[in-house]
Amino acid sequence: MDKKTKLSLTLPIVAAVLTAFAFIFLYFFIGIYQRENSYEDSKWIAIQQSRNAANELNADFISAFYTLKSIVKQAVILKKKGAPREDFIALLRSYAKEYPNYLAFWTMWEPNLFDGKDNFYKNSDLFDSEGHFTYGCFHFNDSVYDERITSPEEYLEDYYIIPKKTKREVVLEPYYYIYSGQSVEFYETSVIKPIVIDSTFYGVVGVDLDLSRLQQKLRKLHIDYGSLALVSSSGEIVAHDDSSLIGKNVYSYIPQSDTVFSYAVEKGMEYSYEVKSAFSNKPVFRILYPISINGKDYSWYIMAEIDKHKATFRSLNMYYVSIGVLVLGLFLISFLIYNIFERIKNEKDLIVAKENAERANKLKTIFLHNLSHEVRTPLNAIIGFTQLLFQNDESFNDEQKESVKIIQKSSDQLNAIISDIITISALETGLERLTPVPTNLSQLVDDIYDILKGFVDNSKIELKVSKSHSGPEAIVLVDKEKLRRVINHLLQNAIKFTEKGEVEFGYNIKQDNIEFFVRDTGIGIDPSKLNLIFEQFTQADEDIQVQYGGTGIGLSICKGYVELMGGTIWVVSELGKGSTFSFSIPYERISVGNRLIL
């Protein structure tokens, strides 16, 4: 058994052992280690999804806070510069137009602390009976309307008293409200910010949020295998995936034993834990996200509940996958072992087959060389005697002279066919070798032109030559005879298939390649047959063989020679318009030192 055979058997054995270790490792890695990681990852993904959704809802409250913060800054400026109330009212109306997602903007100032003109505004259309600076505007159906705060008793309500006492932002409990002159009742809440100048409370600015819009937004914030709920500070469910729960109190669903829930809400902290949901009666991951409008106060919060079994289903799949991987591994290992034994069993047969093939190839080469010798010997005798007949043809009549010509022509054709067959065999068996020599391409092309010019002088064909370089650049290292044979054959084909018109040939030197071409205006080739013409004993059309003759191996030899020289050959043709055969070979310029070999 040789080294190559041993190597061919060693590789599958090593592959089988490595495969066994790989699948055992995968089983433990996927089935045990990765399963645990998958569970934690699934939990983390579920938490992250709900956190992103919570941030989307919280953004409405944060946006309201920063909008109010901007209004308060401008209110302080208007106050200090002694601007009239109408300027501040115009400011609120501009915000109502700019932020149509908010229901209303409103303000209430301490008596006489904005402009000291409460008596002047008593019983006016916009202010209460005491003339206090209280004003609101709401956005409805793409228009902004005034909302009058009607009585001084409004100053005793919680939405004013609480921010006045704490001097901090407030989010009100949900409430229903109908604006002046409207019939639509809104389910809403208000974010309120106190106006404080040098530690003195001057009033409040508020923005009303449409909770039904938040409910619609929550329905669009999909989280996998779970639900979201927006809950007020009193526990009222403001928004939920299940609309039947809206308006109910969450504490009626949370058992007293769930101390984690009460602790997290009381401390205003983000917290996640596993629990059995009172809503779905299933194990869930429950995550609580407090809503903060100023980074300090946490009153409302978002509660997400994610089905534990569905969220972690991937970890169970991991276990089944690991079992499948193990079974697949056992099957693959068994197949590899079987393959090893089959290889050992068939290795001798393969060696014998290889030796037979090599012997047959050698016999083929010997046969072709013998054929060349045995056939060419009598053929050369025929050719020789035919030439003698030509030298002594005084006694021949015209018919006999024509017969001698036919014998000579047929002998030449047979000799050429035998040469082509020997060449094809040598190319197939790898016996053909290159003999590169310094060659002047310009001179080679001119020599070919001079030889073929005599064949077309009396025809309707014009022979042309095109050379991109004719100086020292045209001197290259190439197998001159093989190159000449390729060009000659392509030209003879072009002339044979062109009744009238022109045949042009030449070369172009392009960086690292020399591109040769033979272009004619002959009968052309069907584009669907272009991929066949370089195959052995094949012509584009059977009628061509009948009309023009030929064995169909000339182009195969051209292709073999070009590829032997490291190049490629191709053809572009159109029926009735002619063909262009092109081939390229590497450009190896000849030079010694700084001088070219000429």
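Structural data are supplied above this passage.
Residues numbered from 1 in each chain as written. Predicted model: local features only at pLDDT ≥ 70, side-chain atom pairs only at ≥ 80, totals over all residues. Heavy atoms only, no water.

Participant: Tell me about the pattern of salt bridges, residues and numbers included.
Facilitator: Tallied over the full model, the rule gives 20 salt bridges. Linking R286 and E305 is a salt bridge whose minimum nitrogen-to-oxygen distance equals 2.6 Å. Taken together, the positions of R286 in strand 11 (residues 283-292) and E305 in strand 12 (residues 298-307) put the pair 19 residues apart, joining distant regions of the chain. A single burial state applies to R286 and to E305, both of which are buried. The partner of K510 in a salt bridge is E515, and the shortest N-O contact between them spans 3.5 Å. By relative accessible area, K510 is classed as partly exposed at 45%. One salt-bridge network, held together by shared partners, links D60, R213 and K217. (Salt bridge = Lys/Arg side-chain N within 4 Å of Asp/Glu carboxyl O. Helix = DSSP H or I, 4+ residues; strand = E, 2+ residues; numbered from the N terminus. Buried < 20%, exposed > 50% of the residue type's maximum accessible area, 1.4 Å probe, protein only.)

Participant: Explain the environment of V572 to me, and be specific about the residues and the numbers.
Facilitator: Relative to the elements of secondary structure, V572 occurs in strand 18 (residues 568-574). Each C-alpha atom of the pair V572 and R519 lies 9.4 Å from the other, and the pair is 53 residues apart in sequence.

Participant: Lay out the nonpolar core in plain terms, naming residues and giving numbers.
Facilitator: In terms of nonpolar packing, the biggest core is built from 59 residues, with F61, I71, F88, F105, V191 and L230 touching the most fellow members. In terms of residue count, the dominant contributor to this core is helix 1 (residues 3-80) (14 residues). With near-sequence residues (within four places) excluded, V191 lies in contact with F61, A64, L68, V170, V171, V205, G206, V207, L209 and I293. Within the second largest apolar cluster, 42 residues are counted, among which are V503, Y507, L530 and F583. (Core = buried A, V, L, I, M, F, W, Y, C linked by side-chain atoms within 4.5 Å. Contact = heavy atoms within 4.5 Å.)

Participant: Help me get a handle on the side chain of S573, residues and values and all.
Facilitator: Tracing the backbone through its elements, the reader meets S573 in strand 18. Judged by relative accessible area, which is 11%, S573 ranks as buried. Looking at S573, its side chain comes within polar contact range of the main-chain oxygen of G578, at 3.1 Å. A distance of 2.7 Å separates polar atoms of two side chains, one belonging to S573 and the other to S579. (Polar contact = N/O pair within 3.5 Å; in protein donor to acceptor, adjacent residues only side chain to side chain.)

Participant: Quick one: what's the story with the side chain of E432, residue by residue and with numbers?
Facilitator: Mapped onto the secondary structure, E432 falls in the loop between helix 8 (398-429) and strand 13 (437-440). Exposure remark for E432: the relative accessible area of 18% places this residue in the buried category. A polar contact is formed between the side chain of E432 and the side chain of K482, at a distance of 3.3 Å. Apart from residues no more than four positions distant in its own chain, E432 is found in contact with T423, A426, L427, K482, Y561 and L564.

Participant: Explain helix 9 (residues 441-456) residue by residue, including any values.
Facilitator: Helix length check: helix 9 (16 residues) gives 22 Å between terminal C-alpha atoms against 22 Å at 1.5 Å per residue, within 8%. Residues of helix 9 that are buried: L441, S442, L444, V445, I448, L452 and V456. On its buried side, helix 9 packs onto strand 13, strand 14 (460-467), strand 15 (475-478), helix 10 (480-496), strand 16 (500-510) and strand 17 (513-520). Here helix 9 starts with a cap whose side-chain oxygen sits 3.0 Å from the backbone nitrogen of S442, and that cap is N440. (Expected span 1.5 Å × (residues − 1).)

Participant: So, unusual backbone geometry: which residues are in play, and what are the values?
Facilitator: A positive phi is found at D142, a non-glycine position, where the angle reads about 65 degrees. Checked against the element boundaries, D142 lands in the loop between strand 2 (134-140) and strand 3 (143-147). Taking the relative accessible area as the measure of exposure, D142 reaches 73% and is therefore exposed. Although it is not a glycine, K167 sits at a positive phi angle of roughly 55 degrees.

Participant: So what about helix 3 (residues 158-166)? Which residues, and what values?
Facilitator: Every α-helix carries 3.6 residues per turn, so stepping three or four residues along brings you back to the same face. Inspection of helix 3 places Y159, Y160 and P163 among the buried residues, and these make up the whole buried set. Projected down its long axis, helix 3 carries its buried residues within an arc of 100 degrees, all on one side. Helix 3 presents D158 and K165 as exposed residues on the side facing more than 90 degrees away from its buried surface. Of the surrounding elements, those touching the buried residues of helix 3 are strand 1 (102-109), strand 4 (170-171), strand 6 (185-197) and strand 7 (200-210). One or two residues past the end of helix 3 sits K167, with phi positive at roughly 55 degrees. (Arc of directions from axis to C-beta.)

Participant: Please give an account of the sheet that holds strand 19 (residues 578-586) that cites residues and values.
Facilitator: Taking strand neighbours across the sheet as the criterion, the five strands line up as 14-16-17-19-18 in an open arrangement whose pairing is mixed. The open sheet has two edge strands, strand 14 and strand 18, and neither has a second partner. Taken over all neighbouring pairs, the strand axes of this sheet differ in orientation by 10 degrees on average, direction set aside. Seen against the sheet, helix 9 touches strand 14, strand 16 and strand 17 and runs at an angle of roughly 175 degrees to strand 14. In the packing of helix 12 (residues 554-564) onto the sheet, the strands contacted are strand 18 and strand 19, and the crossing angle to strand 18 comes to about 140 degrees. (Pairing = 2+ DSSP bridges. Axes fitted to C-alpha atoms, helices over the stretch in contact; angles between N-to-C directions.)

Participant: How would you sum up the pairing of strand 6? Please name residues and give values.
Facilitator: Most of strand 6 is tucked away: 11 of the 13 residues are buried. In the sheet, strand 4 pairs with strand 6 via two bridges, with the strands oriented antiparallel. Along strand 6, the bridge assignment pairs V170 with I192. In the sheet, strand 5 (residues 175-178) pairs with strand 6 via four bridges, with the strands oriented antiparallel. Looking at the pairing, Y175 lines up with E188 of strand 6. As consecutive antiparallel partners, strand 5 and strand 6 are separated by six residues, and within that stretch G181 has a phi angle of approximately 75 degrees, a positive value. In sequence, strand 6 turns back onto strand 7 through a hairpin of two residues, with D198 there showing a positive phi of about 55 degrees.

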